[in-house]
Amino acid sequence: MRPLAAVASAFGLCLLLAAPGHAQQPGVDADACLTCHNDERMLLIFRTPHGQGADPDSPFANQQCESCHGAGEDHAGTRGVGGGHAPVVNFDHEPGTTAESENAACMGCHTGNVGLPWNGSAHERNDLACVDCHSVHKPTDPVTMQSSQAEVCFDCHREQQADSMKPSSHPVRFDVMACTSCHNPHHSTTDALLKRDTLTELCWSCHTDLKGPYVFEHAPASEDCSLCHESHGSIHQALLTRSPPLLCQSCHSQSGHPSISFTPDSLPGNNPSAMVVGGSCLNCHRQVHGSNHPSGSKLMR
Ligand code: HEC
Ligand code: HEC
Ligand code: HEC
Ligand code: HEC
Ligand code: HEC
Ligand code: HEC
Ligand code: HEC
Ligand code: HEC
Ligand code: HEC
Ligand code: HEC
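Worth saying up front: this structure is predicted, and the values here are computed from it rather than measured.

Quick word on the overall build of the chain
From N to C terminus, the chain includes 13 helices and 4 strands. Taken across its 301 residues, the chain has 27% of its residues classed as buried. A fraction of 50% describes how many contacts in the chain between residues 6 or more apart in sequence connect residues 24 or more apart. For the chain, the accessible surface area stands at approximately 18800 Å², while carbon and sulfur atoms represent 58% of it.

Considerations on the site of ligand 6
Taken together, 16 residues sit near ligand 6, with Cys179, Cys182, His183, Ser231 and His232 positioned nearest. Here Gln160 contributes a side-chain N or O atom positioned 3.3 Å from an oxygen atom of ligand 6. Grouping the amino acids of the shell around ligand 6 by side-chain chemistry returns 10 nonpolar, 6 polar and no charged.

Concerning the coordination of the iron atom of ligand 4
Every protein donor of the iron atom of ligand 4 is accounted for by His134 (NE2) and His186 (NE2), and the metal-donor separations fall at 2.0 Å. What the 6 donor atoms of the iron atom of ligand 4 show is an angle range of 87 to 178° at the metal, which sorts the shape as octahedral. You can see His134 sitting in the loop between helix H8 (130–133) and helix H9 (149–154) and its partner His186 sitting in the loop between strand E1 (168–169) and helix H11 (199–206), a full 52 residues away along the chain. Assessed through its relative accessible area of 27%, His134 is described here as partly exposed.

Focus on the pattern of salt bridges
Any two side chains of opposite charge can pair, on the condition that their charged atoms come close. Considering all chains together, one arrives at 2 salt bridges under this definition. For the salt bridge of Lys166 with Asp163, the shortest nitrogen-to-oxygen distance reads 2.8 Å. Overall, Asp163 belongs to the buried group, its relative accessible area being 11%.

Re the side chain of Asp141
Positionally, Asp141 belongs in the loop between H8 and H9. Comment: no salt bridge for buried Asp141; closest opposite-charge side chain is Lys138, at 7.3 Å. When residues no more than four places from it in sequence are discounted, the contact partners of Asp141 are Cys133, His134 and Ser135.

Some points on H11
Along H11, the positions that sit buried rather than exposed are Thr200, Leu202 and Trp204. Of the surrounding secondary structure, the elements contacted by the buried residues of H11 are helix H12 (219–223).

Section: the environment of Gly53
If you trace the backbone, Gly53 turns up in the loop between helix H3 (40–43) and helix H4 (65–69). Sequence separation of Gly53 and Gln64 is 11 residues, and the distance between their C-alpha atoms is 8.6 Å. If near-sequence neighbours (up to four positions away) are discounted, Gly53 is found in contact with Ser58, Phe60 and Ala61.

A few points about unusual backbone geometry
Between Gly212 and the following residue, Pro213, the backbone shows a cis peptide bond with an omega angle of 0°. Relative to the assigned elements, Pro213 resides in the loop between H11 and strand E2 (216–217). Along the chain, Pro244 connects to Pro245 via a cis peptide bond; the corresponding omega equals 5°. Inspection of the secondary structure puts Pro245 in the loop between strand E3 (233–234) and helix H13 (246–249). Its identity is not glycine, yet His93 carries a phi of approximately 50°, on the positive side. For His93, the location among the structural elements is in the loop between helix H5 (73–80) and helix H6 (99–118). At Asp175, a position not held by glycine, the phi torsion is positive, near 60°. Tracing the sequence through the fold places Asp175 in the loop between E1 and H11.

Reading guide: rules and limits
Residues numbered from 1 in each chain as written. Chains lettered and ligands numbered in written order. Predicted model: local features only at pLDDT ≥ 70, side-chain atom pairs only at ≥ 80, totals over all residues. Heavy atoms only, no water. Helix = DSSP H or I, 4+ residues; strand = E, 2+ residues; numbered from the N terminus. Buried < 20%, exposed > 50% of the residue type's maximum accessible area, 1.4 Å probe, protein only. Contact = heavy atoms within 4.5 Å. Areas by Shrake-Rupley, 256 points an atom, 1.4 Å probe, with all protein chains shown as cover. Near = heavy atom within 4 Å. Polar contact = N/O pair within 3.5 Å; in protein donor to acceptor, adjacent residues only side chain to side chain. Nonpolar A, V, L, I, M, F, W, Y, C, P; charged D, E, K, R; others polar. Donors = N, O, S within 2.8 Å, 3.2 Å for Na, K, Ca; no water. Tetrahedral: all angles 85-135°; square planar, octahedral: opposite > 155°, others 65-115°. Salt bridge = Lys/Arg side-chain N within 4 Å of Asp/Glu carboxyl O. Lys, Arg positive; Asp, Glu negative; His and termini not counted.

Interpretation note: all reported values are geometric properties and have no functional meaning in isolation.
Shown next, in the form of structure tokens:
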């Protein structure tokens, strides 16, 4: 069953409370609104889920334009005689309106989708309106499309936009992933609105091969991916927070290896600087996430 069906009856009540004097019938018919708002863009709403009169839950089976814009009699009437501007909810963040009051127009029908958990989410706490992300007059709402979503988020999240352009990043800019591959926009059990309960569980949900368990764990890798990786973008290879050897040396002693003598002969390719060039530590310790090899205790195979 669609979530909306569950709130449909409650919704009838909401409308009565929100707009006294109005039942399910519009005070001003959509046709009347459209005589003045006859811009072709206005008709696009009939190509969206909201414009489907056959769906009993949709605005057009209820108060039509007024389901969202509020009672329009005064507005339409005074406009008709060239009078002043009567208030219509226009979702324009005008002085005196709050995100909450704008959102109320949507919440009457969508409590089932975003409802209670929305309250208290990072976006709700920061007074975002539904329409800061959603465009309901467009045939396809850009924020719900993988190819156009990030642009909507980037309007406010510049840092993540910059990250997405770095040499190593998750492939959001190639439209292979969206922000909502990892984030819930409406609510979540985590601060950063993650889709899983912890950061590492989120990473494992796609990078299942790195989940282990390994015969030889590398302690930090089974504990928290963000000890070594950025989530959005990095100037270092493989989204690393910094490059080896510095990365590795942030935890491991820099004083070298007790059991390796630093003569050219003891090193691969007779290269005395194998500790720091190219793959650096990874030249030997390839299995940085853990090893299942019988002799992989030093993460070399
Ligand atoms: C008699 C003409 C007329 C009718 C009928 C009419 N409007 Fe308007 N409406 C206007 C004009 C004129 C504006 C101001 C446009 C502008 O400033 O660009 C406007 C503005 C708006 C705005 C923009 C926000 C604002 O307040 O400036 C919305 C939303 C709106 N109308 C919705 C509706 C709805 C919904 C209906 C039907 C219930 C409706 N209108 C009926 C003439 C009309
Ligand atoms: C599902 C809710 C909803 C319904 C139904 C709806 N609107 Fe809107 N309308 C909005 C929102 C939200 C905006 C703010 C801009 C946006 O998100 O597209 C808006 C913006 C507008 C604007 C001003 C912006 C502009 O682009 O000129 C007008 C005028 C308008 N609507 C008229 C109408 C009319 C006429 C109808 C009925 C045919 C209607 N709306 C039905 C939600 C709705
Ligand atoms: C009168 C009830 C009603 C109101 C008011 C309403 N919606 Fe909807 N909305 C619906 C219905 C019905 C659907 C289609 C649901 C479905 O397909 O299950 C829908 C679908 C949506 C979708 C999904 C669109 C898609 O492409 O799948 C979004 C996003 C949405 N609404 C946002 C909003 C926002 C934002 C507002 C306030 C500006 C709003 N709605 C107001 C009834 C409503
Ligand atoms: C930060 C941006 C953002 C805000 C703010 C936002 N949404 Fe959404 N919404 C999205 C995205 C992104 C999706 C698509 C979800 C996906 O792809 O997983 C979505 C999907 C939806 C859907 C489709 C059904 C569903 O649950 O997936 C509805 C309905 C909806 N939003 C309603 C709302 C309402 C009502 C509000 C205001 C209380 C709101 N949204 C606020 C970004 C937002
Ligand atoms: C209108 C501006 C705006 C838009 C659009 C917007 N956000 Fe936000 N977002 C905020 C604000 C403000 C905060 C809270 C302050 C902060 O942490 O930056 C926030 C917080 C977040 C957080 C949590 C940050 C934390 O530390 O708790 C995530 C994740 C997030 N947004 C993702 C998204 C995604 C994904 C989209 C697009 C679907 C999006 N946002 C669209 C303004 C926006
Ligand atoms: C691969 C998963 C993933 C993708 C894709 C993703 N994020 Fe995040 N995001 C995270 C994780 C994990 C965090 C937790 C903080 C961190 O970076 O350690 C986070 C944190 C955030 C924050 C909070 C600030 C911060 O950096 O801590 C914002 C805002 C945010 N993301 C926005 C976005 C936006 C916008 C997009 C789309 C362009 C996006 N994210 C795509 C995983 C992702
Ligand atoms: C929704 C799926 C998904 C989630 C969740 C996810 N990733 Fe990824 N990750 C990908 C995809 C897809 C690629 C690109 C693979 C490719 O290009 O072959 C990728 C690539 C990477 C790369 C290699 C980047 C490079 O430049 O070579 C690293 C490192 C990485 N992810 C780490 C993480 C971490 C850490 C997390 C958790 C914060 C995470 N991923 C969460 C899907 C995901
Ligand atoms: C101790 C540091 C460290 C931790 C912790 C760590 N990684 Fe890595 N990861 C690396 C290094 C170093 C590379 C680069 C390997 C290379 O260049 O060959 C890498 C590469 C990757 C890659 C790219 C291709 C591959 O499979 O080698 C992915 C994906 C990845 N890590 C995901 C994760 C995930 C998911 C986690 C958490 C479960 C995690 N990493 C934890 C250090 C770490
Ligand atoms: C966040 C801290 C941290 C980072 C960064 C880190 N390690 Fe480790 N590493 C550990 C811990 C903790 C152990 C487990 C030590 C133990 O069991 O005595 C370990 C174990 C190892 C071992 C096995 C040691 C043994 O005696 O079994 C090797 C090899 C190793 N790390 C190599 C690396 C390399 C190479 C890098 C860089 C890609 C790296 N580590 C980055 C914390 C880290
Ligand atoms: C030329 C190959 C090579 C390179 C390069 C290399 N290691 Fe090792 N590393 C080894 C070998 C071989 C051992 C195993 C020594 C043993 O069994 O006692 C080892 C052991 C370790 C251990 C376990 C220490 C112990 O007491 O057993 C750690 C931690 C470690 N390396 C970290 C690093 C870090 C960090 C780097 C980069 C700065 C690095 N290694 C570069 C070959 C290398």
